[in-house]
Number of protein chains: 2
Amino acid sequence: MDSMPTATGPRAGEAGGERGRAVPPRPTNPMVTPLLTDLYQFTMTYAYWKAGKHQDRAVFDLYFRKNPFGGEYAVFGGLEECIRFIANFKFEVDDISFLRSVMPTCEDGFFEYLKAIDCKDVEVYAIPEGSVVFPKIPLMRIEGPVAVVQLLETPFINLVNYASLVTTNAARHRLVSGKSKTLLEFGLRRAQGPDGGISASRCCYMGGFDATSNVAAGRLFGIPLRGTHSHAFVSSYMGPDEITDKALRRCDGSSTCQDFVSLVQSWLSKIQWANSFVGTFGETNQSELAAFTSYALAFPDSFLALVDTYDVTKSGVPNFCAVALALSDLGYKAIGIRLDSGDLAYLSTEARKFFHAIEEEFGVLGFGKISITASNDLNEETIDALNKQGHEIDAFGIGTYLVTCYAQAALGCVFKLVEINNQPRIKLSEDVTKVSIPCKKRCYRLYGREGYPLVDIMTGDNEPPPKVGERILCRHPFSESKRAYVVPQHVEELLKCYWPGSSDKTSAELPSLKKSRDRCLQHLEQMRPDHMRRLNPTPYKVSVSAKLYDYIHFLWLNEAPVGELQ
Amino acid sequence: MDSMPTATGPRAGEAGGERGRAVPPRPTNPMVTPLLTDLYQFTMTYAYWKAGKHQDRAVFDLYFRKNPFGGEYAVFGGLEECIRFIANFKFEVDDISFLRSVMPTCEDGFFEYLKAIDCKDVEVYAIPEGSVVFPKIPLMRIEGPVAVVQLLETPFINLVNYASLVTTNAARHRLVSGKSKTLLEFGLRRAQGPDGGISASRCCYMGGFDATSNVAAGRLFGIPLRGTHSHAFVSSYMGPDEITDKALRRCDGSSTCQDFVSLVQSWLSKIQWANSFVGTFGETNQSELAAFTSYALAFPDSFLALVDTYDVTKSGVPNFCAVALALSDLGYKAIGIRLDSGDLAYLSTEARKFFHAIEEEFGVLGFGKISITASNDLNEETIDALNKQGHEIDAFGIGTYLVTCYAQAALGCVFKLVEINNQPRIKLSEDVTKVSIPCKKRCYRLYGREGYPLVDIMTGDNEPPPKVGERILCRHPFSESKRAYVVPQHVEELLKCYWPGSSDKTSAELPSLKKSRDRCLQHLEQMRPDHMRRLNPTPYKVSVSAKLYDYIHFLWLNEAPVGELQ
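Residues numbered from 1 in each chain as written. Chains lettered and ligands numbered in written order. Predicted model: local features only at pLDDT ≥ 70, side-chain atom pairs only at ≥ 80, totals over all residues. Heavy atoms only, no water.

Chain A has the name Nicotinate phosphoribosyltransferase in an unreviewed UniProt entry, where Musa troglodytarum is given as its organism. Its UniProt record gives chain A a comment under Pathway (unreviewed entry), which states: "Cofactor biosynthesis; NAD(+) biosynthesis; nicotinate D-ribonucleotide from nicotinate: step 1/1." Its UniProt record gives chain A a comment under Sequence similarities (unreviewed entry), which states: "Belongs to the NAPRTase family." (UniProt positions renumbered as here; feature names shortened; annotations may be inferred.)

Structural data, given as structure tokens:
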């Protein structure tokens with residue numbers, strides 16, 4: 001694999017194209033190369049080339065057919081990686097040799113042709129990343145020589161499918177948690193492979209998460225990082241005797257406590273005998289106490305302890321409080337605890353009571369508000385259940401269910417030919433939801449009086465755009481009786497040109513990850529709430545213009561064979 | 001990211017370690033670096049270092065707690081990537097700078113320490129990749145300085161979790177399909193990211209698939225590649241007039257047919273008017289006929305057509321047969337058809353009847369046996385249902401459900417500390433299935449008289465191994481009353497040393513992918529069938545020795561706090 005791209009960073013200083021546009025950096029994952037595709041893309045490309053059809057100008061739509069997770073919306077992700085991919089699309093010498101070995105009957109001229117291919121003749125239009133999106137509306141429209149665009153199909157779908165799915169999942173977790181909670185993505189270890197982990201971290205941040213545990217993703221994308229310690233850390237200690245360097249300097253540097261271990265132990269005993277706690281817990285676990293003390297010595301100004309290795313209420317929380325109070329003596333403020341098992345509603349409430357009692361008993365201002373993080377197989381449903389029961393959790397750490405999209409592990413994006421050489425094309429199916437919507441199209445979001453989006457509409461490329469204040473008929477693409485007049489108060493064109501190729505069209509700028517995250521959060525807020533609710537959400541309407549409707553059904557009749565009853 | 005490893009191939013010619021062992025190549029995905037981990041691994045490592053505990057010799061077990069997919073077995077995958085990872089484990093200067101920026105309060109000495117870390121002092125024992133494995137039995141045992149091994153936790157789990165899950169899924173698909181069917185992995189576009197696609201292709205092959213559509217995986221791992229064309233290819237043609245180069249040389253090179261298009265059309269008309277077919281179909285779709293003809297001109301000796309773009313029985317199959325018969329005239333043998341929608345049992349049976357009728361009608365020997373491939377959202381259940389209904393499918397192309405492990409998108413592998421400085425450690429939990437099994441252990445598979453594996457047993461590291469013909473008590477680790485005497489006819493030690501570090505232990509060789517695939521297929525066959533069946537499989541027994549049992553329960557009592565009833 002020595003021909004694989006060797007860097008993931010921007011090719012600094014390089015400028016590409018006739019008009020001096022900067023070449024976007026290579027895809028984040030160096031494995032994303034033109035060979036990361038299905039073999040049939042190459043066999044088809046050869047057949048196009050052999051038939052002299054390879055330069056035919058084709059238009060493909062990339063879209064999904066059904067919203068994921070039983071919801072009525074999705075969030076679009078993956079665009080930036082697609083643009084990076086085509087911007088650097090080029091076969092290496094070794095790629096060609098490999099293809100020759102796989103397709104030994106193909107003519108030499110074909111491999112010469114492949115060698116010369118790039119994406120200068122391709123144009124990509126897309127909805128901005130982080131947008132709330134709906135079925136059937138193209139997320140991307142890709143135009144170019146049919147043989148080249150065909151080669152983009154698999155990598156584009158691969159890059160968009162999971163990214164959109166996991167961004168949507170993150171957004172759903174944000175909606176169910178509410179704005180005030182901190183959401184931490186902890187999924188790397190359970191993700192479907194290393195890249196699943198890295199792209200999940202990026203997408204979860206875009207979908208509204210606050211931070212990740214994934215160091216590589218933190219570095220690649222500038223996402224805030226979070227993490228403290230695990231159960232193994234706790235059980236790696238036998239007892240406080242193990243701690244040899246017991247000194248801790250006060251927060252203000254004014255003096256040093258020579259024996260922080262004893263300070264912790266004296267606090268533990270004070271708690272044990274305080275009125276509020278007497279008789280509520282016995283001897284706490286000494287491994288755990290040692291581990292907490294040791295962690296506090298290492299990170300006195302960011303002490304957060306995992307309190308469920310042995311027993312939350314009888315050991316973890318009292319041990320944490322003893323260390324936190326000792327830190328407080330030296331001017332440090334502990335951050336909080338993490339719960340990773342058991343009844344999180346109950347345990348968080350008990351811990352909160354304990355913290356309040358400590359604040360009262362020892363007069364440590366603010367101790368009652370110490371942060372409680374919960375993890376352990378959380379998902380939309382468990383968070384919803386926790387909300388209903390009542391809990392005292394401030395931050396959710398979510399892993400498996402978030403990054404593997406456990407509730408629905410795939411989004412069925414497709415890539416359909418809708419026009420070739422200006423001839424609209426349709427793909428029929430016995431399943432009407434699988435019939436493609438032909439023609440090169442424009443797509444608009446129409447907003448109503450109250451500022452909510454009302455409907456998305458697709459029109460033919462040459463139709464005049466919907467106008468503010470002008471009534472327009474929006475038709476269901478396949479169902480004759482479903483249609484409605486809309487008078488938009490605001491009209492937004494959805495597809496922007498992100499890759500003009502060598503055409504003279506203006507390219508929209510790829511926004512920063514932070515901006516895509518802002519867009520996502522703004523879109524989530526802007527939708528009418530009944531489209532977004534977890535239970536029985538109202539479908540958002542997706543429509544076609546009257547003219548496009550007629551055209552779809554004309555083509556359909558034209559292509560479908562006439563049956564014969566016998 | 002300029003510090004990211006820049007090649008995925010072997011570092012040719014390099015030899016490492018004092019004893020001249022060759023360094024395994026870098027991980028397949030260049031993104032797998034020591035930074036691909038959770039932040040808390042670094043914060044813990046710092047706390048260990050700060051407490052002077054970082055060199056403490058720790059033993060961790062990597063295992064899963066529950067079989068996936070409602071089954072009673074799993075297949076282990078991901079080992080080779082783990083070994084590649086530790087063999088090349090080293091922080092780059094840029095990695096250290098980034099970590100400094102993330103952990104600004106940590107002392108300089110710590111970063112010096114990190115800079116120097118490698119895995120020479122680590123030893124890794126593992127079950128061979130491709131083995132059938134069971135819950136609680138360590139898939140891997142990792143020994144070494146606690147601070148270093150801690151850093152391996154997240155990448156190891158990440159590399160093993162999905163690999164084992166998808167290998168298991170592939171094996172399940174192989175079992176339900178039966179040995180005679182060809183299984184094709186078509187998952188790249190629906191996989192969770194590019195790497196999900198690539199590692200899925202590798203693992204599905206290991207789990208018993210025959211080929212993949214993923215060109216990059218074919219190249220990286222030498223997996224056979226398969227693929228033909230899509231619906232877009234079909235609808236990109238308007239009609240046969242488009243085909244300009246109509247000549248096709250006979251298979252034996254003896255002459256050239258100047259107008260293959262007309263030959264196809266004459267065959268179509270012959271079929272239409274043949275006794276067997278008259279009145280069964282009318283005019284077939286001309287786009288489709290053109291596309292098939294064009295594809296056959298490009299690949300006359302491997303013609304396989306997707307026949308469901310318009311209508312399988314009225315257009316796709318007749319068009320395919322016309323092209324196949326024209327090819328047959330020139331000495332070529334068509335491969336077959338692919339069905340990608342509709343009732344696959346019915347359509348495959350209808351297609352088979354059509355092929356037999358063609359064979360009979362036109363005397364083309366073997367035409368009835370032409371291969372039928374089915375795709376379209378297949379999974380274990382749909383294949384099982386097809387088997388029950390009866391079908392004529394020879395090959396299954398499986399994508400989404402296979403590679404995303406849709407039925408269960410994550411395997412919960414964990415990495416638990418079981419011993420430190422020769423002191424066994426246990427992790428308790430209110431949920432008994434989450435209690436870890438302490439001690440550095442050895443693991444054996446005991447075989448019975450009929451050659452089937454009977455039970456897996458874990459013992460303490462220093463216990464004598466079970467002996468052939470000698471009775472041994474196998475105890476359930478947590479349930480007092482569950483135990484059984486076994487007299488093994490064959491004893492197999494499960495954990496082999498795959499990474500001896502700089503110790504003088506002998507390293508087992510990492511087998512080739514093909515060998516791991518053979519092992520997997522052999523293991524699947526060797527298990528007692530009731531453990532492997534889809535419905536209500538019998539659990540395979542996983543046990544501990546009497547001595548280990550007593551030790552677990554002694555430690556448990558020792559660590560659990562005594563409750564107080566009030």
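## Overview of the overall build of chain A
From N to C terminus, chain A includes 17 helices and 24 strands. For chain A, buried positions account for 63% of its 566 residues. Considering only intrachain contacts with a sequence separation of at least 6, the fraction spanning at least 24 residues in chain A is 73%. Summing over all exposed atoms, chain A offers an accessible surface of approximately 20,400 Å²; the carbon and sulfur share of this is 49%. Side-chain charges of chain A comprise 61 positive and 66 negative groups, with the mean position of each set lying 6 Å from the other. (Helix = DSSP H or I, 4+ residues; strand = E, 2+ residues; numbered from the N terminus. Buried < 20%, exposed > 50% of the residue type's maximum accessible area, 1.4 Å probe, protein only. Contact = heavy atoms within 4.5 Å. Areas by Shrake-Rupley, 256 points an atom, 1.4 Å probe, with all protein chains shown as cover. Lys, Arg positive; Asp, Glu negative; His and termini not counted. Charge placed at Lys NZ, Arg CZ, Asp CG, Glu CD.)

## Things to note about the interface of chain A and chain B
Each side of the interface is counted separately: chain A has 121 residues, and chain B has 121 residues. Of the roughly 10,300 Å² buried where chain A meets chain B, counting both sides, 59% is carbon and sulfur surface. It is Arg189, Gln192 and Arg219 of chain A in chain A that bury the most area against chain B; as a group they hold 9% of the surface buried on that side. Our count for the chain A to chain B interface comes out at eight salt bridges. The partner of Glu242 of chain A in a salt bridge is Lys53 of chain B, with the nearest N and O atoms 2.6 Å apart. Here chain A and chain B share 43 residue pairs in polar contact (both at pLDDT 80 or more) between them. Top contributing element to the side of chain A that touches chain B by residue count: helix H1 (residues 39-50) of chain A, with 10 residues. Of the residues belonging to the side of chain A that touches chain B, the class tally is 54 nonpolar, 42 polar and 25 charged. (Buried area = accessible area lost by both parts, 1.4 Å probe. Salt bridge = Lys/Arg side-chain N within 4 Å of Asp/Glu carboxyl O. Polar contact = N/O pair within 3.5 Å; in protein donor to acceptor, adjacent residues only side chain to side chain. Nonpolar A, V, L, I, M, F, W, Y, C, P; charged D, E, K, R; others polar.)

## With respect to the UniProt feature "domain: Nicotinate phosphoribosyltransferase C-terminal" (unreviewed entry) in chain A
Look at the UniProt record and you will see "domain: Nicotinate phosphoribosyltransferase C-terminal" (unreviewed entry) annotated at residues 440-550 of chain A. Secondary structure content for residues 440-550 of chain A is 21% helix and 32% strand, while the C-alpha to C-alpha distance between its ends is 15 Å.

## Some remarks on helix H2 (residues 79-87) of chain A
Residues and elements named next belong to chain A. The buried fraction of H2 is high, at nine of nine residues. Listed as buried for H2 are Leu79, Glu80, Glu81, Cys82, Ile83, Arg84, Phe85, Ile86 and Ala87. Where H2 is buried, its residues contact strand S5 (123-126), strand S7 (140-145), helix H5 (146-177), helix H6 (193-206) and strand S23 (496-499).

## Topic: the packing of H5 of chain A against H6 of chain A
Residues and elements named next belong to chain A. Between H5 and H6, the least distance of the axes is 8 Å, while the angle of their chain directions is 45°. Comparing their axes, H6 and H5 come out oblique. Crossing geometry of H5 relative to H6 is assigned as right-handed. Contact residues: H5 offers Tyr162, Ala163, Val166, Thr167 and Ala170, while H6 offers Gly196, Ser199, Ala200, Cys203, Cys204 and Met206. For the contact of H5 with H6, the residue count by class is eight nonpolar, three polar and no charged. (Axes fitted to C-alpha atoms, helices over the stretch in contact; angles between N-to-C directions. Parallel < 35°, antiparallel > 145°, perpendicular 65-115°, else oblique. Left-handed = near helix turned anticlockwise from the far one by under 90°.)

## Remarks on the sheet that holds strand S3 (residues 57-63) of chain A
Residue and element names in this part refer to chain A. If you trace the six strands from one edge of the open sheet to the other, you get S17-S16-S3-S7-S5-S23, paired in antiparallel fashion. Each edge of the open sheet carries a strand with a single partner, namely strand S17 (423-424) and S23. Two strands pair when backbone bridges link them, and S5 and S7 are joined in this way by four bridges, in the antiparallel orientation. Counted as the bridge partner of Ala126 is Met140 from S7. Helix-sheet contacts for H5 involve S3, S5, S7 and strand S16 (414-420), and the interaxial angle to S7 is about 155°. (Pairing = 2+ DSSP bridges.)

## Concerning the domain arrangement of chain A
Segmenting chain A into domains produces domain 1 (15-171 + 408-559) and domain 2 (235-371). Placing the centre of domain 1 of chain A and that of domain 2 of chain A at their C-alpha centroids yields a distance of 54 Å. (Domains from an automatic or database assignment.)

## Points about the relation of the copies chain A and chain B
Rotating chain A by 180° and moving it 0.0 Å along the rotation axis overlays it on chain B with an RMSD of 0.0 Å. Put plainly, the chains are arranged around a two-fold axis. An overlap of 100% is found between the interface residues of chain A and their copies at the interface of chain B, pointing to a shared contact surface. (Least-squares fit on C-alpha atoms with pLDDT ≥ 70 in both.)

## Considering the pairing of strand S18 (residues 441-447) of chain A
A regular strand places its side chains so that they alternate between the two faces of the sheet. All names here are of chain A. Within S18, six of the seven residues are buried, which leaves it mostly tucked inside the rest of the structure. Here S18 pairs with strand S19 (residues 453-460) via seven bridges, running antiparallel. Of the residues in S19, the one forming a bridge with Tyr444 is Ile457. In sequence, S18 turns back onto S19 through a hairpin of five residues, with Gly451 there showing a positive phi of about 90°. Where S18 meets strand S22 (residues 490-493), four bridges bridge the pair, whose relative direction is antiparallel. Its bridge partner lying in S22, Tyr444 is registered against Glu493.

## A closer look at the nonpolar core
Counting residues in hydrophobic clusters, the biggest one holds 367 residues, and the most contacted among them are Met140, Phe260 and Phe320 of chain A together with Met140, Phe260 and Phe320 of chain B. Setting aside chain neighbours within four positions, we find Phe320 of chain A in contact with Phe292, Phe303, Ala305, Val307, Ala334, Gly336, Ile337, Phe355, Phe367 and Ile370 of chain A. (Core = buried A, V, L, I, M, F, W, Y, C linked by side-chain atoms within 4.5 Å.)

## Section: the pattern of salt bridges
Residue and element names in this part refer to chain B. Across all of its chains, the model carries 68 salt bridges over all chains by this definition. Salt-bridge contacts for Glu392 lead to Arg352; the nearest nitrogen and oxygen are separated by 3.0 Å. With Glu392 in the loop between helix H13 (380-389) and strand S15 (395-398) and Arg352 in helix H12 (residues 344-362), the pair connects residues that are 40 residues apart, well separated along the chain. Glu392 gets classed as partly exposed once you look at its relative accessible area, which sits at 32%.

## Thoughts on the confidence of the model for chain A
Low pLDDT marks stretches whose predicted atomic positions should not be read closely. Residue and element names in this part refer to chain A. Averaged over every residue, the pLDDT of chain A is 93; residues scoring 70 or more account for 95%. Low confidence marks residues 1-20, where pLDDT is under 50. Its contacts with residues over four positions away, or in another chain, come to 45 contacts. Scored as a whole, the predicted complex attains pTM 0.94, and scored at its interfaces, ipTM 0.93. (pLDDT = per-residue confidence, 0-100.)

## Digging into the packing of aromatic side chains
Throughout the structure, instances matching the rule amount to 52 aromatic pairs over all chains. Between Tyr551 of chain A and Phe554 of chain A, the ring centres sit 5.9 Å apart and the planes meet at 45°, which makes this aromatic pair tilted. Of this pair, Tyr551 of chain A and Phe554 of chain A both sit in helix H17 (residues 546-559), three residues apart, roughly one helical turn. Residue Tyr551 of chain A is classed as partly exposed on the basis of its relative accessible area, which comes to 31%. Taking relative accessible area as the criterion, Phe554 of chain A reaches 48% and is therefore assigned partly exposed. Aromatic rings pair up to connect Tyr46, Tyr48, Trp49, Phe110, Phe111 and Tyr113 of chain A together with Phe233, Tyr237, Tyr295 and Phe299 of chain B into one cluster. A cation over a ring is seen here: Lys53 of chain B above Tyr237 of chain A, with NZ or CZ 4.5 Å from the ring centre. When the ring centre of Trp267 of chain B is taken as origin, the NZ or CZ atom of Lys270 of chain B, which lies over that ring, is 4.0 Å away. (Phe/Tyr/Trp six-rings, centres within 6.5 Å; stacked < 30°, edge-to-face > 60°. Lys NZ or Arg CZ within 6 Å of the ring centre and 35° of its normal.)

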